[in-house]
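This is what each chain is made of:
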Amino acid sequence: MSSEIPSDLSYTEAHEWVRRSGDGVVRVGITDHAQSQLGDVVFVQLPAVGDTLAAGDAMGEVESTKSVSDIYAPVGGEVVAVNDGLDAGPELVNSAPYGDGWIVEIRLAEGASLDGLLDAEAYRQLSDGA
């Protein structure tokens with residue numbers, strides 16, 4: 001069965017999604033495909049607000065009953081918010097990967113863009129082939 005892949009988001013090959021929220025800030029989470037591969041998420045390690053990331057940096061981990069997976073920054077910038085709700089409810093990553101299970105918000109660095117990310121169709125081809 002195909003995973004849910006909202007068409008209004010951008011995606012990475014490492015299975016993160018990116019939603020523009022205005023003011024040069026993007027919200028980031030892991031995709032439905034990624035959470036289904038992981039299984040039941042039991043812990044999410046988040047970066048700290050104020051951390052500066054380069055695109056591709058490991059910025060946290062998702063721990064499930066099956067494995068531990070790094071979460072990678074899809075864009076460069078500064079962490080301006082983290083989803084504290086995941087401390088008490090890491091399973092939100094499973095139940096609402098595109099909603100309450102978001103992970104961080106990043107203010108894009110000067111010159112950073114989403115141009116290198118995949119659109120929904122390209123991500124669908126990647127995840128269906130995986």
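Remember, predicted model here, so these are calculated numbers, not experimental data.

Q: Please explain the UniProt feature "modified residue: N6-lipoyllysine" (unreviewed entry) in the protein chain as it appears in this structure.
A: According to UniProt, the "modified residue: N6-lipoyllysine" (unreviewed entry) feature falls on Lys66. With respect to the element layout, lysine 66 can be found in the loop between β6 (58-64) and β7 (68-72). Those residues within four positions of lysine 66 in sequence are excluded, and the remaining contacts are Gln37, Leu38 and Gly39. Among the polar contacts listed, one links the side chain of lysine 66 to the backbone oxygen of glutamine 37, at a separation of 3.2 Å.

Q: Just to check I follow, could you spell out the packing of aromatic side chains for this structure?
A: Each pair of aromatic rings is reported with the distance of its centres and the angle of its planes. This structure, assessed with the given rule, holds 2 aromatic pairs. Between tryptophan 17 and tyrosine 98 the ring centres are 5.9 Å apart and the planes differ by 50°, which places this aromatic pair in the tilted class. Remark: tyrosine 98 occurs in the loop between α3 (92-95) and β9 (104-108) and tryptophan 17 occurs in strand β2 (residues 16-20); sequence separation between them is 81 residues. Of the residues examined, tyrosine 98 reaches a relative accessible area of 9% and is grouped as buried. Lying across the ring of tryptophan 102, arginine 27 places its NZ or CZ 4.0 Å from the centre.

Q: How should I be thinking about the pattern of salt bridges in this particular structure?
A: Pairing between side chains becomes possible if they bear opposite charge and their charged atoms approach one another. Here the structure, examined in full by the defined rule, presents 2 salt bridges. The partner of arginine 27 in a salt bridge is glutamate 105, with the nearest N and O atoms 2.8 Å apart. Within this pair, whereas arginine 27 is found in strand β3 (residues 25-30), its partner glutamate 105 is found in strand β9, the two being separated by 78 residues in sequence. Residue class for arginine 27 comes out partly exposed when judged on its relative accessible area of 24%. On the basis of relative accessibility, which here comes to 15%, the residue glutamate 105 falls in the buried class. Across the pair arginine 124 and glutamate 121 runs a salt bridge whose closest N-O atoms are separated by 3.5 Å. Here arginine 124 pairs with glutamate 121, and both are found in helix α4 (residues 120-129), just 3 residues apart, close to one helical turn. Judged by its relative accessible area of 27%, arginine 124 falls in the partly exposed class.

Here is what the cut-offs are and how they apply
Residues numbered from 1 in each chain as written. Predicted model: local features only at pLDDT ≥ 70, side-chain atom pairs only at ≥ 80, totals over all residues. Heavy atoms only, no water. UniProt positions renumbered as here; feature names shortened; annotations may be inferred. Helix = DSSP H or I, 4+ residues; strand = E, 2+ residues; numbered from the N terminus. Contact = heavy atoms within 4.5 Å. Polar contact = N/O pair within 3.5 Å; in protein donor to acceptor, adjacent residues only side chain to side chain. Phe/Tyr/Trp six-rings, centres within 6.5 Å; stacked < 30°, edge-to-face > 60°. Buried < 20%, exposed > 50% of the residue type's maximum accessible area, 1.4 Å probe, protein only. Lys NZ or Arg CZ within 6 Å of the ring centre and 35° of its normal. Salt bridge = Lys/Arg side-chain N within 4 Å of Asp/Glu carboxyl O.

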